[in-house]
2 protein chains.
Amino acid sequence: MAEESQKWVLMVTAQTPTNIAVIKYWGKRDETLILPVNDSISVTLDPEHLCTTTTVSVSPAFDQDRMWLNGKEISLSGGRFQSCLREIRSRATDVHDKEKGIKITKKDWEKLNVHIASYNNFPTAAGLASSAAGFACLVFALAKLMNANEDHSQLSAIARRGSGSACRSLYGGFVKWIMGKDEKGTDSLAVQLADEKHWDELVIVIAVVSSQQKETSSTTGMRDTVETSLLLQHRAKEVVPKRILKMEEAIKNRDFASFAQLACTDSNQFHAVCLDTCPPIFYMNDTSHRIISLVEKWNCAAGTPQVAYTFDAGPNAVLIARNRETAALLVQKLLFCFPPKSDADLNR
Amino acid sequence: MAEESQKWVLMVTAQTPTNIAVIKYWGKRDETLILPVNDSISVTLDPEHLCTTTTVSVSPAFDQDRMWLNGKEISLSGGRFQSCLREIRSRATDVHDKEKGIKITKKDWEKLNVHIASYNNFPTAAGLASSAAGFACLVFALAKLMNANEDHSQLSAIARRGSGSACRSLYGGFVKWIMGKDEKGTDSLAVQLADEKHWDELVIVIAVVSSQQKETSSTTGMRDTVETSLLLQHRAKEVVPKRILKMEEAIKNRDFASFAQLACTDSNQFHAVCLDTCPPIFYMNDTSHRIISLVEKWNCAAGTPQVAYTFDAGPNAVLIARNRETAALLVQKLLFCFPPKSDADLNR
């Protein structure tokens, strides 16, 4: 039945949203295990919007593991993909698809190869956490396919091996990545602080300043910062732990003023340590600066924060409005300050 | 002889170059006395180039102290001008101009008013230390006019009351502003580390990115940083003291590699604490970032630093080339990357 058996394909599709850190992760204490120098907190976006869709399939006809990202084949030879595949494979259990008449035993998984097709519905590697959504989705889909019965927290630790911030995309709502203490990283995983219903009046607007891929990858940038910045350790050890406590409190109490103040200052401090790196890393540009000024002036004029901003490893602004009305006003203001190009401009 | 005596005018003209900090001053521990949170080191420019020219004159015909900056009258009522005027007046001694037949006693100075005319031959308040050259020149000219027999270090402490960095413009070459410990600031003054001949192959090129006045004045910016940055104190207490020692050593040994590395990283760290301020302060813009990238890539390709960069409270780049040949190459590279506008562009 070898001929026959090679025809079957079993597949699973999953969709995972990206997440945006409001207390930033920047700097690893272990490069291979991807263990961070501080805790971080993020908000997971609505899966209807920025997300990765990944289909994983298995078939005896596949002679090697392969992956396609946005339709283009990419190499799976990197340590990060290999870590995730290895960790999930080692947790695979028996699968029995009665409808298709397929039986895969725990032992079979060691020999079977997978094909992975992943799509981002937003710019890749432009500082919008595409790798976070990507690895979280990959791990989740593989775990489902291979019937690996791990809870979300355990899966988050595996996704972390793919891309640190990916661990935070396994949950919705507000998520904390606990840095952990264990040398092997077993306690460096994500926990949910509050689910997506807890503070659902917040509206996130993403202003794409540039969809180009960033010049300095997060991995390289972080490594350079850890090696050269004289401010990073002070941030990681003295500043962030206090901010994490305050941010948890702000989220718990839906205290937008504190939330915004903490998110903005932490974003700025993350970019400050990038600038304190040798050679310096600039992720924000003049347009990012103008967006910050717009928000700062508005918040100052209103007497209390209306919008929080946060920037990841790129010039794109993630703006968090306190409610729908504020979000509508924000979009108005952005369109006024950054009018869309006329057709004439575009044809130049 | 009252009529007659009102006709005389006695005047003194002085010229003072600006200075560029290579280990930055940012943050005061005392706002009124202008006492800094850390030592700083600067290089004084050639007085033939960026400088302030100030003429101070005294006459019994003047009924109040007045000042003109670049031909426009400005108010002298600010505490900073008043401090400088008061300090120098209190040190005035007898003046006897035999040629003109003028005798002014120590007591007369209390009643006599001065007129001050000051010109900068470079953009004012654009982050090129115009106030440093300005106050140093004012204090120096007044001291000469009033025959205040103080040495340069004592004058530097008076100029400091006008603008902190002004104290460093009283000397040529490499200058250190010692922060001091005294609450009254008597020991917060400038000393010369090396004169202008010590390392005269260095060539300074200033790339004026914008001659517009800066949005955030240094005074306001510094105050905001002291009040809100969680990284500034770590910089001032832990990072700068070690850098000062290394920079003194680099200057002493004319060690350009260390000099450049220290100057660039300190400039970047100063801008990092600006970014860590709430609301954040951006002095550099995209063009500044491009200049930094150009220099970093060149230094990296050459294997050893050819040019150091440093940016003050504005987007303009101060570039220090290791020698004349490198400076010529630098200007070539700058003109290639930032070609001058054609006449057609200028007329648009």
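Higher on the page you've got the structure.
Note that residues are indexed from 1 along each chain, following the sequence as it is written. For naming, the first written chain is A and the first written ligand is 1, with later ones following in the order written. With the structure being a predicted model, the display of local features is reserved for residues of pLDDT at least 70 and the display and counting of side-chain atom pairs for 80 or more, all residues being used for whole-chain, interface and lining totals. Computation of side-chain values covers all heavy atoms of the structure but excludes hydrogens and water.

A. Examining the overall build of chain A more closely. Scanning chain A from terminus to terminus reveals ten helices and 16 strands. A compact globule built from 348 residues would reach a C-alpha radius of gyration of about 20 Å, and chain A, at 21 Å, matches this within 12%. Pairs of residues are marked as contacts when any of their non-hydrogen atoms sit within 4.5 Å. In chain A, of all internal contacts separated by at least 6 residues, the share reaching a separation of at least 24 is 73%. Working note: accessible area of chain A is about 16000 Å², and carbon and sulfur atoms make up 51% of it. We treat Lys and Arg as the positive residues and Asp and Glu as the negative residues; His and chain ends play no part in the count. By convention, the point assigned to a charge is CZ for Arg, NZ for Lys, CD for Glu and CG for Asp. For chain A, the centre of its 40 positive side-chain charges and the centre of its 40 negative side-chain charges are spaced 1 Å apart. We count a stretch as a helix when DSSP gives it H or I for four or more residues in a row; a strand needs E for two or more, and each element gets its number in order from the N terminus. Atoms counted for the radius of gyration: C-alpha only. Globule rule: 2.2 Å times the number of residues to the power 0.38. In these tables, accessible area is a Shrake-Rupley quantity obtained with a 1.4 Å probe, and a residue counts as shielded only by the protein chains included in the view.

B. The sheet that holds strand 8 (residues 72–74) of chain A, seen in detail. Residues and elements named next belong to chain A. Ordered in space as 1-6-11-7-8, the five strands form an open sheet in which the pairing is mixed. Looking at strand neighbours, the two that pair on one side only are strand 1 (10–17) and strand 8, the edges of this open sheet. Recorded for the sheet is a direction-independent mean angle of 20° between the axes of neighbouring strands. Helix axes are fitted to C-alpha atoms over the stretch in contact, other axes to C-alpha atoms as well, and angles between N-to-C directions run from 0 to 180 degrees. Across the face of the sheet, helix 3 (residues 130–145) comes into contact with strand 1, strand 6 (51–59) and strand 11 (113–120) while running at roughly 35° to strand 6. A strand pair is defined by DSSP finding two or more bridges across the two strands.

C. Summary view of the interface of chain B and chain A. With 26 residues of chain B in contact, the opposing surface of chain A contributes 26 residues. The quantity reported as buried area is the accessible area (1.4 Å probe) lost by two parts once they are put together, taken as the sum for both. For the pair chain B and chain A, the two sides together bury roughly 2200 Å², of which 68% comes from carbon and sulfur. The three residues of chain B that bury the most area against chain A are L231, L275 and F282 of chain B, which together make up 24% of that side's buried surface. Each reported salt bridge corresponds to a side-chain nitrogen of Lys or Arg within 4 Å of a carboxyl oxygen of Asp or Glu. The interface formed by chain B and chain A holds zero salt bridges in total. Within 3.5 Å is the distance limit for a polar contact, defined as a pair of N or O atoms, with the added protein rule that one can donate a hydrogen and the other accept it, and that residues adjacent in sequence qualify only through two side-chain atoms. At the boundary of chain B and chain A, one finds six residue pairs in polar contact (both at pLDDT 80 or more). Of all the elements in the fold, those that place two or more residues in the side of chain B that touches chain A are helix 6 (232–252), helix 7 (256–275) and helix 8 (286–302) of chain B. Per element, the largest residue contribution to the side of chain B that touches chain A is six residues, and it comes from helix 7 of chain B.

D. Representation of helix 5 (residues 218–228) of chain A. All names here are of chain A. The classification of residues rests on relative accessible area computed with a 1.4 Å probe and restricted to protein chains. Under 20% of the type maximum is buried, over 50% is exposed, and intermediate values are partly exposed. Within helix 5 the residues assigned to the buried category are G221, M222 and T225. In a view along the axis of helix 5, the buried residues occupy a sector of 95°, so they form one face of it. Close packing links the buried residues of helix 5 with strand 3 (28–30), helix 6 (232–252) and helix 7 (256–275). For this quantity, the arc is that covered by the directions from the helix axis to the C-beta atoms.

E. Representation of the layout of surface pockets. Residues and elements named next belong to chain A. Estimates place the volume of the largest pocket at around 1100 Å³. At the level of elements, helix 7 and helix 8 (286–302) are the ones that each hand at least two residues to the lining of the largest pocket. Counting residues per element, the lining of the largest pocket draws most heavily on helix 8, which supplies ten residues. Its residues assigned to classes, the lining of the largest pocket shows 16 nonpolar, 13 polar and seven charged. Any residue with an atom within 4 Å of a point lines the site, the site being either a cavity, points on a 1 Å grid over the protein atoms alone where a 1.4 Å probe fits but cannot get out, or a pocket, an open set with protein on both sides within 12 Å along at least 5 of 7 lines. Grid points are joined across faces, edges and corners, and a volume is the space filled by probe spheres set on the points. Here the term charged refers only to Asp, Glu, Lys and Arg, the term nonpolar to Ala, Val, Leu, Ile, Met, Phe, Trp, Tyr, Cys and Pro, and the term polar to all other amino acids, Gly among them.

F. Layout of the relation of the copies chain B and chain A. Fitting of the copies onto one another was done by least squares over C-alpha atoms, counting residues only where both copies have pLDDT of at least 70. Once chain B is rotated about the relating axis by 180° and shifted along it by 0.0 Å, it coincides with chain A to within an RMSD of 0.0 Å. Here the symmetry operator amounts to a two-fold rotation axis. No C-alpha of chain B lies nearer the rotation axis than that of A272 of chain B, which sits 2.1 Å from it. Here 100% of the interface residues in chain B have copies in chain A that are interface residues too; the copies meet face to matching face.

G. Here's a closer look at the packing of aromatic side chains. Aromatic pairs are defined between Phe, Tyr and Trp rings, using the six-membered ring for Trp, whenever the two ring centres lie within 6.5 Å; interplanar angles under 30 degrees are classed as stacked, those over 60 as edge-to-face, and all others as tilted. Applying the stated criterion to the full structure yields 21 aromatic pairs over all chains. Ring geometry for F256 of chain B against F259 of chain B: centres 6.1 Å apart, planes inclined by 35°, an arrangement best described as tilted. Placement of both F256 of chain B and F259 of chain B in helix 7 is noted, with a separation of three residues, approximately one turn of the helix. The buried category is assigned to F256 of chain B, whose relative accessible area is 4%. For F259 of chain B, a relative accessible area of 0% puts it in the buried group. Taken together, the ring pairs in this structure connect F174, W199, F256 and F259 of chain A into an aromatic cluster. The criterion is that NZ of a Lys, or CZ of an Arg, lies within 6 Å of the ring centre and within 35 degrees of the ring normal, and then a charge sits over that ring. For K333 of chain A, the ring lying beneath its charged end belongs to W298 of chain A, and the centroid distance is 4.6 Å.

H. Structural detail: the nonpolar core. To qualify as a nonpolar core, a set must consist of buried Ala, Val, Leu, Ile, Met, Phe, Trp, Tyr and Cys residues joined through side-chain atoms within 4.5 Å. Formed by 195 residues in total, the largest nonpolar core has its most connected members in F259 and L319 of chain A together with F259 and L319 of chain B. Two domains each donate at least three residues to this core, and these are domain 1 (2–194) and domain 2 (203–340) of chain B. Once residues lying within four places of it in the same chain are set aside, the contact partners of L319 of chain B are V203, I204, V205, A207, I291, V295, V307, A308, Y309, L330 and L334 of chain B. These domain boundaries are the output of an automatic or database domain assignment.

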